[in-house]
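So the chains spell out like this:
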Amino acid sequence: MLTFVAALPGCQTITPPVTQNLENPGIAPLETSQTNVMPTEPLAIEVLQESETDIQEIEPSPTITHTEQELLGRIRNGSRLPQDQDPSIDAELNWFATHPDYLERVLSRSERYLYHIVETLEHREMPLDLGLLPVVESAFDPFAYSHGQAAGLWQIIPGTGKRLGLKQNWWYDGRRDVLESTRAALDYLQYLNDLFDGDWLLTVAGYNSGEGNVARAIRQAEEAGEPTDFWHIRRYLPVETRAYVPRLLALQRVVIAPHDYGLSLPVIQSEPHFEVVDIDGQIDMALAAELIGISTDELYRLNPGVNRWATDPDGPHRLLVPEERAANFASTMGDLSARDRVRWSRHQVKAGETLGHLALAYQTTPAVLKKVNSLGNDMIRIGQSLMIPHAVKNLEDYPQTLDARRARTLNQPRDGQRHSHTVQSGDSLWSISRQYDVTTMELARWNAMAPGDTLRVGRELVIWTQSAALLVPTQNERIRHLTYTVRKGDSLSRISTRFRVTVPELLEWNNLSANKYLQPGQRLVMYVDVTEQTT
């Protein structure tokens, strides 16, 4: 779960492995890892064994009464985090007071999701101020993705998502699913609260930095003869966490008394924004949006866990639909056969085609092609006819798929000169960043990645440099970038002689060790002077 903060000190979230069943959590020391994040908003930073959880409709807790019909009023009445005083909270409050447009924008964006979060918190009898955590985590952007591979409203990293029972595959990512990610985040917060004996500030600190860091900070404070509340252990915590808790408390303060800080918050009605509709199978998202009567973009924003042009064929088989349109859509779905929910084409296999090629061409997976065509293995033959499900519309008409969001990031104009780099065997973000004299963080941000993401050979990366020329030994226009494939019998000495470069240059350009042998098929980057080459 990665936190985002840019205008104030940057946050890291460290998400530990949860090794205990969350229905009966045990206390055990857990490992943590730290990652950086990328900026999105002025305040927020941009940032398998699979189990599926049945989602049941949550009834409001009968023990909670509301004197106000608007949602922030419910949070105000259900606030249970301590209202401590500290200069760090004042600093955060000052930032909010001087950036009134930020909270207006982010809280307005929260309207799709906040009612469900507040209802769930009430049902679990948890502090309603925790509903403000996604402001700090993701600025209520369900598509937020951090440099630490954290995704969704609650910024959950892949490993933690898996441990919390969040399904993640090519079709679907439960870390972005509104219902499942909220369930998982609150499961984790309840686990942490049990771990830290009901102390909610330590709980919030643990959500950000991982319980391992908080447990170590507590031990350090005890060894120093100090109290073990958040304010006393804060100096032993990561810098990001020291700001994270005060930031949430500042948000709590703003919601409780916005006028004290010269702020006017948007009115969010305390009423459901969506209903859950059972779709009983896979459906094309553009077709679903048409049947519901909303834009495809809006349907994706309600169902951000959907990665592709259709829902996961293996479920969850449900969609969140605007409350006022849910009944009509549910009735329509009842009359729609499974074959009518996606478009089908008959494809005759040609020479050289594989299931992998066809899956890529039709934006599906080999597993789906095998299932719908009753194939026992990956073997297909020339002339064989396959039935293939695919999108109803052009892929450009699905604006919030994973690929569409990545494409927008890659095509975003930036300062400098744009270059394209094809990933080759042995490439890493670090080696590529050195080659172009940029940072790995920049490289990841330009390509909608996290530094820890796997690079696929053949992938095209976008790189922005401050000049039209690539990083080469000289700015002379005669210098050209060249990729050479190593052949049998090649050596660094032989290649350097052939292309009029030096062995140390080859080693530096390719991050090689002089003690390692070249392998046939290996690719080398070179910067050669075209006037010195022989034909």
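Rules used in this analysis
- Chains are numbered independently. Their residues run from 1 in the order of the written sequence.
- pLDDT decides what is reported in this predicted model: residues at 70 or higher carry local features, side-chain atom pairs at 80 or more are listed and counted, and totals for whole chains, interfaces and linings draw on all residues regardless.
- Excluded from the side-chain calculation are hydrogens and water; included are all heavy atoms of the structure.
- Note on conventions: DSSP H or I runs of at least 4 residues are helices, E runs of at least 2 residues are strands, and numbering of each starts at the N terminus.
- Exposure is judged per residue with a 1.4 Å probe applied to protein chains only, and the accessible area is read against the type maximum: over 50% gives exposed, under 20% gives buried, and values in between give partly exposed.
- What sets the accessible areas is the Shrake-Rupley method with a 1.4 Å probe; for residues, cover comes only from the shown protein chains.
- Each aromatic pair joins two rings of Phe, Tyr and Trp (for Trp, the six-membered one) with centres within 6.5 Å, and gets the label stacked for planes under 30 degrees apart, edge-to-face for over 60, and tilted for any other angle.
- Any Lys NZ or Arg CZ that is within 6 Å of a ring centre and within 35 degrees of that ring's normal is treated as a charge sitting over the ring.
- Surface patches are defined over residues having more than 30% relative accessible area and no salt bridge, joining like charges when they lie within 9 Å and nonpolar side chains (Val, Leu, Ile, Met, Phe, Trp, Tyr) when within 5 Å.
- A pair is scored as a salt bridge if a Lys or Arg side-chain nitrogen falls within 4 Å of a carboxyl oxygen belonging to Asp or Glu.
- Note that His is not counted, nor are the chain ends; the positive residues are Lys and Arg, and the negative ones are Asp and Glu.
- Positions of charges follow a simple convention, taking NZ of Lys, CZ of Arg, CG of Asp or CD of Glu.
- All axes here are fitted lines through C-alpha atoms, helices being fitted over the stretch that makes contact, and every angle between N-to-C directions spans 0 to 180 degrees.
- For classification purposes, an angle smaller than 35 degrees is called roughly parallel, one larger than 145 roughly antiparallel, one from 65 to 115 roughly perpendicular, and anything else oblique.
- Throughout, a contact is declared for two residues whenever any of their heavy atoms are within 4.5 Å.
- By the convention adopted, Pro, Cys, Tyr, Trp, Phe, Met, Ile, Leu, Val and Ala count as nonpolar, Lys, Arg, Asp and Glu as charged, and the other residues, Gly among them, as polar.
- How sure the predictor is of each residue is captured by pLDDT, a score from 0 to 100.
- As used here, the term nonpolar core means buried Ala, Val, Leu, Ile, Met, Phe, Trp, Tyr and Cys residues forming a set that is joined through side-chain atoms within 4.5 Å.
- Throughout this description, a polar contact denotes any pair of N or O atoms lying within 3.5 Å of each other; where both atoms belong to protein, one of them has to be capable of donating a hydrogen while the other can accept it, and for residues adjacent in sequence the pair is counted only when both atoms sit in side chains.
- Directions are taken from the helix axis to each C-beta atom, and the arc is the one they span.
- When DSSP finds two or more bridges between two strands, those strands count as paired.
- Every definition here rests on a 1 Å grid over the protein atoms only: cavities are sets of points where a 1.4 Å probe fits but cannot get out, pockets are open sets enclosed by protein on both sides within 12 Å along at least five of seven lines, and lining residues have some atom within 4 Å of a point.
- Grid points are joined across faces, edges and corners, and a volume is the space filled by probe spheres set on the points.
- Expected helix span is taken as 1.5 Å per residue step, with the number of steps being one fewer than the number of residues.

Peer 1: An account of the overall build of the protein is requested, with residue identities and associated values reported.
Peer 2: Along the protein, the regular secondary structure elements total 21 helices and 8 strands. Relative to its full complement of 535 residues, the protein shows a buried share of 51%. For the protein, the accessible area works out to roughly 24700 Å², and carbon and sulfur atoms hold 47% of it.

Peer 1: Residues and numbers for unusual backbone geometry, please.
Peer 2: Of note, the bond from glycine 315 into proline 316 is cis; its omega dihedral lies within 30 degrees of zero at 15°. Examined against the element boundaries, proline 316 turns out to sit in the loop between helix 13 (296-302) and strand 2 (318-322). Phi at alanine 139 is positive, roughly 55°, even though this residue is not glycine. Within the secondary structure, alanine 139 sits in the loop between helix 5 (133-138) and helix 6 (158-163). Despite not being glycine, alanine 448 shows a phi value in the positive range, around 55°.

Peer 1: Describe the packing of aromatic side chains, with residues and values.
Peer 2: Enumeration over the complete set of coordinates arrives at 7 aromatic pairs. Ring geometry for tryptophan 95 and phenylalanine 96: centres 5.9 Å apart, planes at 85°, overall edge-to-face. Across the pair, phenylalanine 96 and tryptophan 95 agree in class, each one buried. A connected cluster of aromatic rings, assembled from ring pairs, spans Trp95, Phe96 and Tyr102. Directly above the ring of tryptophan 170 sits arginine 308, whose terminal nitrogen or CZ lies 4.1 Å from the centroid.

Peer 1: Report on a negative patch on the surface, specifying residues and quantitative values.
Peer 2: Side chains of Glu111, Glu271, Glu275, Glu323 and Glu324 sit close together on the surface and give a patch of like negative charge. Assignment of secondary structure puts glutamate 111 in the loop between helix 3 (100-109) and helix 4 (114-123). Relative accessible area serves as the criterion here: at 36%, glutamate 111 is assigned to the partly exposed category.

Peer 1: A description of the packing of helix 8 (residues 200-209) against helix 9 (residues 211-223) should follow, citing residues and the corresponding values.
Peer 2: Viewed as axis vectors pointing N to C, helix 8 and helix 9 meet at an angle of 125°, and their least axial separation amounts to 7 Å. Taken together, the axes of helix 8 and helix 9 are oblique relative to one another. On helix 9, the residues that touch Leu202, Ala205, Gly206 and Ser209 of helix 8 are Glu211, Asn213, Val214 and Ile218. Taken together, the residues of the contact of helix 8 with helix 9 break down into 4 nonpolar, 3 polar and 1 charged.

Peer 1: Talk me through the confidence of the model for the protein; I want residue IDs and the actual numbers.
Peer 2: Averaged over all residues, the pLDDT of the protein is 82; the fraction at 70 or higher stands at 83%. Below a pLDDT of 50 lies the segment residues 1-68, which in the model reaches 218 contacts outside its immediate sequence neighbourhood of four places, other chains included. Predicted confidence is poor over residues 468-477, with pLDDT under 50, and the contacts of this stretch with residues over four places away or in other chains come to 18 contacts.

Peer 1: Would you mind going over the nonpolar core in detail, with residue names and values included?
Peer 2: Ranked by size, the top nonpolar core spans 71 residues in total, and within it Phe96, Leu103, Leu130 and Trp154 carry the most contacts. Ignoring any residue separated from it by four or fewer positions in sequence, one finds leucine 130 in contact with Leu81, Leu121, Trp154, Leu189, Trp200 and Val204. Core analysis: the next-biggest nonpolar cluster, separate from the first, contains 28 residues, Ile283, Met333, Leu336 and Tyr398 among them.

Peer 1: Account for the environment of arginine 301, with residues named and values stated.
Peer 2: Looking at the element boundaries, arginine 301 is found in helix 13. Taking relative accessible area as the criterion, arginine 301 reaches 23% and is therefore assigned partly exposed. Placed 19 residues apart in sequence, arginine 301 and leucine 320 show a C-alpha to C-alpha distance of 9.5 Å. Apart from residues lying up to four places away in sequence, arginine 301 is in contact with Arg112, Tyr113, Pro142, Phe143 and Gln400. In this structure the side chain of arginine 301 is engaged in a polar contact, spanning 3.0 Å, whose partner is the side chain of aspartate 297.

Peer 1: If you had to explain the pattern of salt bridges to someone new, which residues and values would you point to?
Peer 2: Tallied over the full model, the rule gives 18 salt bridges. Between arginine 175 and aspartate 173 there is a salt bridge, with the nearest N and O atoms lying 2.8 Å from each other. Each of the two residues, arginine 175 as well as aspartate 173, counts as buried. One salt-bridge network, held together by shared partners, links Arg124, Glu180, Arg183 and Asp187.

Peer 1: An account of helix 3 is needed here, citing residue identities and associated values.
Peer 2: All of the buried residues along helix 3 are Tyr102, Leu103, Val106 and Leu107. For helix 3, the angular spread of buried residues about the axis comes to 110°, placing them on one side. Here the buried face of helix 3 lies against helix 1 (71-77), helix 2 (87-98), helix 5 and helix 11 (239-256).

Peer 1: Could you give me a rundown of the pairing of strand 2, with the residues and numbers involved?
Peer 2: Buried residues dominate strand 2, accounting for 5 of its 5 residues. When strand 1 (residues 274-278) meets strand 2, the two strands line up antiparallel, connected through 5 bridges. By the bridge assignment for strand 2, aspartate 278 is matched with arginine 318.

Peer 1: Account for empty space enclosed by the protein, naming residues and giving values.
Peer 2: In this model, the largest cavity occupies a volume close to 100 Å³. Taken together, Trp171, Tyr172, Asp177, Asn303, Pro304, Gly305, Val306, Thr311, Asp312, Pro316, Arg318 and Leu319 make up the lining of the largest cavity. Of the residues belonging to the lining of the largest cavity, the class tally is 6 nonpolar, 3 polar and 3 charged.

Peer 1: Break down helix 7 (residues 178-195) for me, with residues and values.
Peer 2: Across its 18 residues, helix 7 extends 26 Å between first and last C-alpha, which sits within 8% of the 26 Å expected from 1.5 Å per residue. Within helix 7, 16 of the 18 residues are buried, which leaves it mostly tucked inside the rest of the structure. Positioned one or two residues after helix 7, aspartate 197 has a phi angle of 55°, which is positive.

Peer 1: Got a sec to walk through the environment of glutamine 417? Specific residues and values, please.
Peer 2: You can see glutamine 417 is positioned in strand 5 (residues 417-422). Considered as a pair, glutamine 417 and threonine 465 are 48 residues apart in the sequence and their alpha carbons are 5.2 Å apart.

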